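These are the residues of each chain, in order.
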Amino acid sequence: MQSLKKIRAGVLEITYAEFGPADGTPVFLMHGFPYDIHAYAEVAPLLAQAGCRVIVPYLRGYGPTAFLSPVTPRSGEQAALGADLLALMDALAIPQALLAGYDWGGRAACVVAALWPERCKGLVSFNSYNIQNIAQALVPDSPDNEHRLWYQYYFHSERGRAGLEKDRRAVTHLLWKQWSPTWTFSEDTFEKSARAFDNPDFVEVVIHSYRHRFGLVKGDPAYAEIEARLATQPPITVPTITFDGADDGVRQPSSTGPHAQRFTGTRSHRVVPGVGHNMPQEVPAVFARAVLELLTPQR
């Protein structure tokens, strides 16, 4: 990644990488857990070469991104992630952008697309509608799907918090292998991202995220109004391309049906063979093409 920039945005000082011309179409690329901005190391230059202004931020709790105040709750809830993205757009004076992401970053993109559609030119979302339905979080899934979420249940316990604190790299390295079983990544590739997990707020943000989504802990009151709006499961109205990885170790691929009612604008859903959970790093050209596909009619 090229040299990093910092900007105050909302409750954070966000560190981000920027590529491409300053007057290009803005594109935000949002990483997930447990990954970082290196997930877009090949996607971002491809988009920059096509004339886009590409912004790749570290999420709260990752890398050099830092909270401005020690008293701000280290929340990992979905409303906080969406609010951070919106605050970053405001801080950079970007009124509208193409939003793309997966996992936590995809959730942030979905939140902004759903609640502030005027700020979103289009959406590329891995795992489709990525807004949590917390009211239904305790409804059991099939055993085959439940066992994939072992890490979430682990993080619900103080043993899990201690385990993540004790050895962040071992826990996250295991998740990389389980979630992308057909992706052969090098130890150097992993380490480039794993450094981002040394952020002093990483564990607290991660633990809160996985407890809040199950309704086990309260959210930050600052985001209560956003969470209330998300509880209605608002539709996404902007042009969207959604993906699933055929070999995703977290979520099995699905057809357009399960989330069809959540997308009231144009939507194309695709299942990518041989791809796990970290799609932009596994098949960067495919991910980049989807972004450009959405931008083509508007360029």
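Placed above this text is the structure.
Residues numbered from 1 in each chain as written. Predicted model: local features only at pLDDT ≥ 70, side-chain atom pairs only at ≥ 80, totals over all residues. Heavy atoms only, no water.

### What to know about helix α8 (residues 187-194)
Logical step 1: Those residues of α8 lying buried are Phe 190, Ser 193 and Ala 194. What you see down the axis of α8 is that its buried residues fit within an arc of 100°, all on one side.
Logical step 2: Taken together, the buried residues of α8 touch α7 (168-179). (Buried < 20%, exposed > 50% of the residue type's maximum accessible area, 1.4 Å probe, protein only. Helix = DSSP H or I, 4+ residues; strand = E, 2+ residues; numbered from the N terminus. Arc of directions from axis to C-beta. Contact = heavy atoms within 4.5 Å.)

### Comments concerning the pairing of strand β4 (residues 52-57)
Logical step 1: The buried fraction of β4 amounts to six of the six residues, a majority that puts the element mostly inside the structure.
Logical step 2: Judged by which residues are buried, β4 turns out to be covered on both faces: Cys 52, Val 54 and Val 56 on one side and Arg 53, Ile 55 and Pro 57 on the other are all buried.
Logical step 3: When strand β2 (residues 12-19) meets β4, the two strands line up antiparallel, connected through four bridges. Its bridge partner being in β4, Tyr 16 is matched across the sheet by Pro 57.
Logical step 4: Two elements, strand β3 (residues 25-30) and β4, share four bridges in a ladder whose sense is parallel. Within β4, the position partnered with Thr 25 by the bridge is Cys 52.
Logical step 5: In this view, the connection linking β3 to its parallel neighbour β4 by way of helix α1 (residues 43-49) has right-handed handedness. (Pairing = 2+ DSSP bridges. Right-handed = clockwise from strand over helix to strand, strands pointing away.)

### What about helix α9 (residues 202-212)?
Logical step 1: Most of α9 is tucked away, with ten of its eleven residues classed as buried.
Logical step 2: Of all the positions in α9, only Phe 202, Val 203, Val 205, Val 206, Ile 207, His 208, Ser 209, Tyr 210, Arg 211 and His 212 are classed as buried.
Logical step 3: On its buried side, α9 packs onto β5 (66-67), α3 (103-115), α5 (150-155), α6 (158-166), α7 and α10 (224-230).

### What about the packing of aromatic side chains?
Logical step 1: A full pass over the atoms with the stated rule returns 28 aromatic pairs.
Logical step 2: Aromatic pair Trp 150 and Tyr 154: ring centres 6.0 Å apart, planes at 45°, arrangement tilted. You can see Trp 150 and its partner Tyr 154 sitting in helix α5, four residues apart, about one turn around the helix.
Logical step 3: Look at Trp 150 and you get partly exposed, because its relative accessible area is 30%.
Logical step 4: Each ring, one from Tyr 154 and one from Phe 155, has its centre 5.9 Å from the other, and the planes form 35°; the classification is tilted.
Logical step 5: Note on Tyr 154: relative accessible area 25%, which makes it partly exposed.
Logical step 6: Sitting above the plane of the Trp 116 ring, Arg 229 keeps its charged end 5.6 Å from the centroid.
Logical step 7: One Lys or Arg, Arg 262, reaches over the ring of Tyr 129 and ends 5.7 Å from the middle of that ring. (Phe/Tyr/Trp six-rings, centres within 6.5 Å; stacked < 30°, edge-to-face > 60°. Lys NZ or Arg CZ within 6 Å of the ring centre and 35° of its normal.)

### Section: the pairing of strand β8 (residues 240-245)
Looking along a regular strand, one sees the side chains alternate between the two faces of the sheet.
Logical step 1: The buried fraction of β8 amounts to six of the six residues, a majority that puts the element mostly inside the structure.
Logical step 2: Where burial is concerned, the two faces of β8 agree: the one with Thr 240, Thr 242 and Asp 244 and the one with Ile 241, Phe 243 and Gly 245 are both buried.
Logical step 3: One ladder, built from six bridges, connects β8 with strand β9 (residues 267-272); its direction is parallel. Paired with Ile 241 across the two strands is Ser 268, which belongs to β9.

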